[in-house]
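Descriptive analysis of the structure
Letter by letter, the chains look like this.
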Amino acid sequence: MRRFDWRWFVVSSMMIAAVMAGAATRPRYGGVLHVAMRAAPASLDPANVPYDGAQADSFARRSLTTLMFDTLVTIDDNERIQPSLATAWQIQPGSQRWQFRVRRGVKFHDGTPLTAETVAASLRSANPSWNVVADADSVAIDSADVNLLAELALPRNAIAKRTVDDNPSGTGPFHLVNWEPGKKLSLAAWEDCWRGRPFLDAIEIEMGKSFRDQMTALELGKADLVEVAPERTHRISQEGRRLASSSPIELIALLFTRDVASLDEKLLREALALSVERGSIRSVLLQGAGQATAGILPNRMNGYGFVFPTDADVPRARQEREQVRNRPVWTLGYDGSDPLARLLAERIALNAKDAGLLLQPAPAGTTELRLARIPLSPDPWIALAGVANLAGLTAGKNRDGVEELYASEAALLATRRVIPLFHLPVSYASASSLKNWTLRPDGSWDVADARLSNAGQ
């Protein structure tokens, strides 16, 4: 009788156990990701996100766009340009013409191939003033903008094949299944995605939800990824919830709708800027979130933010105010659907009153002064231009060098059209089952490689 070798049995059992353990921990395909957000966009077209206020930019819109669409290039976590739908690019010697080679083998969600012609048409639609032409398998763009690559990485320049039903087709990891504008969006994994199929089977997004409703949905297991109000991040973190926050990428500022018309008006605007107690507002209303600022750009972008003083100077504000005989009443507009905006507007009005100024907060309507929450681009020049456009101004020409950047920012501040107040991070809370999702440098979330640990269970 042949003797049984227990050593081989033990080794074989260990190998089988290792294989089974590996299979148990290997990422699984499947699952439906449930997301909630405050934004309620009326369109999914990337080109419908201009800086002119027609349909405001937001972090939610940035996230939605990158689910369904791709740009020619992207910006990685180290703020370096990476290829996407463009595999290579160069600027022709002695000219201002950029040449981009379009990636081959890419399909839109409607099954049609990505071509240089569709890329050129998409970019022209998003940027009517650009000269964009298709040339065989390449796209040429005439531009003297040294920041063109960063501009092309913006979600609003994502490549879309537009249709008559206003639901454009993209090349991103998820395709459209159902769309109720401003209410609900259903997406499914794109099997033929050039980057590979995502792990998730589908994404269900509920729109127009308050921060409180979102957190309730997360607690009840009805949402896997939600937004978190800046003033709630510290408390939620203490509660042990999974929280992710970006670098400061949102600007809260006061914007005047017109230029200074007189010396008196200039003095009054300077008095208002000096009256705001940024430090106490940050401590109390924002619960320590973000950074107080008197500059447009976060210090991490420019390195000189500290030169703009943030401390209030009420005695000096009163001196400025006392030089003006007439005391007008300014109406301070804010987003009535944003509880934080209301609290900030009321506190700013109280600070202004201490300096002898009269501000009347109002949740709606056209006002000469408004409290704005502005998503910034990770690129400082593009961020500066975006704020300038919202204020009805024009930023300086794009150049290299921190000196030129400072001069352009200082010039915008000198107009007294913009009074910066705070830079805030963007924060999200997620269910413990959601794995491998990330935050992009622009504050949007990326779930292209995310998975649900309970998928298939």
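Residues numbered from 1 in each chain as written. Predicted model: local features only at pLDDT ≥ 70, side-chain atom pairs only at ≥ 80, totals over all residues. Heavy atoms only, no water.

**Considerations on the overall build of the chain**
Along the backbone of the chain there are 13 helices and 23 strands. Taken over 457 residues, the chain has a buried fraction of 49%. Contacts in the chain between residues far apart in sequence, at least 24 positions, make up 69% of those at least 6 positions apart. Split by element, the accessible area of the chain, about 22000 Å² in all, is 50% carbon and sulfur. (Helix = DSSP H or I, 4+ residues; strand = E, 2+ residues; numbered from the N terminus. Buried < 20%, exposed > 50% of the residue type's maximum accessible area, 1.4 Å probe, protein only. Contact = heavy atoms within 4.5 Å. Areas by Shrake-Rupley, 256 points an atom, 1.4 Å probe, with all protein chains shown as cover.)

**So, the layout of surface pockets**
Considering only enclosed or pocket space, the second largest pocket measures out at about 730 Å³ in volume. In terms of lining residues, the second largest pocket is bounded by 37 residues, among which Thr74, Ile75, Arg195, Arg440 and Asp446 are the most central. For the lining of the second largest pocket, the elements supplying multiple residues, two or more each, are α2 (59-68), β2 (73-75), β3 (81-83) and β21 (438-439). Residues that form the lining of the second largest pocket fall into these classes: 18 nonpolar, nine polar and ten charged. (1 Å grid on protein atoms, 1.4 Å probe; cavity = no way out; pocket = protein on both sides within 12 Å on 5 of 7 lines; lining within 4 Å. Points joined across faces, edges and corners; volume = space filled by probe spheres on them. Nonpolar A, V, L, I, M, F, W, Y, C, P; charged D, E, K, R; others polar.)

**Structural notes on the sheet that holds strand β13 (residues 250-256)**
Strands sit in the order β14-β18-β13-β17-β15-β16 across an open sheet of six strands; the sheet is mixed. Two strands bound the open sheet, and with one partner strand each, they are β14 (291-292) and β16 (358-362). With seven bridges connecting them, β13 and strand β17 (residues 369-375) associate as antiparallel partners. Counted as the bridge partner of phenylalanine 256 is leucine 369 from β17. (Pairing = 2+ DSSP bridges.)

**Quick look at a negative patch on the surface**
Judged by side-chain charge, Glu277, Asp311, Asp313 and Asp354 come together as a negatively charged surface patch. Within the secondary structure layout, aspartate 311 lies in the loop between α9 (299-302) and α10 (314-322). (Patch = residues over 30% accessible without salt bridge, like charges linked within 9 Å, V, L, I, M, F, W, Y side chains within 5 Å. Salt bridge = Lys/Arg side-chain N within 4 Å of Asp/Glu carboxyl O. Lys, Arg positive; Asp, Glu negative; His and termini not counted. Charge placed at Lys NZ, Arg CZ, Asp CG, Glu CD.)

**Some details on the sheet that holds strand β7 (residues 138-142)**
Picture the strands of a sheet paired through backbone hydrogen bonds; they go either parallel or antiparallel. Read across the sheet, four strands follow the order β4-β5-β7-β6 without closing on themselves; strand pairing throughout is antiparallel. Here the strands that pair on one side only, and so sit at the sheet edges, are β4 (86-91) and β6 (131-135). Taken pair by pair, the neighbouring strands of this sheet meet at an average axis angle of 20°, ignoring direction. Bridge count between strand β5 (residues 97-102) and β7: five bridges; the pairing is antiparallel. (Axes fitted to C-alpha atoms, helices over the stretch in contact; angles between N-to-C directions.)

**Things to note about helix α5 (residues 211-219)**
When we look at burial in α5, the residues that qualify are Phe211, Gln214, Met215, Ala217 and Leu218. Seen along its axis, α5 keeps its buried residues to an arc of 155°; they face one direction. In the stretch just after α5, glycine 221 is the one whose phi turns positive, near 80°. (Arc of directions from axis to C-beta.)

**Some details on the packing of helix α12 (residues 380-390) against helix α13 (residues 402-414)**
Look at α12 against α13: their axes get within 11 Å of each other, and the N-to-C directions meet at 15°. Here α12 is positioned roughly parallel relative to α13, judged by the angle of their axes. Between α12 and α13 lies a crossing whose hand is left-handed. Together, Pro380, Trp381, Leu384 and Ala388 of α12 and Glu404, Leu405, Ser408, Glu409 and Leu412 of α13 make up the contact between the two elements. (Parallel < 35°, antiparallel > 145°, perpendicular 65-115°, else oblique. Left-handed = near helix turned anticlockwise from the far one by under 90°.)

These values are about where atoms sit, not about what they do.
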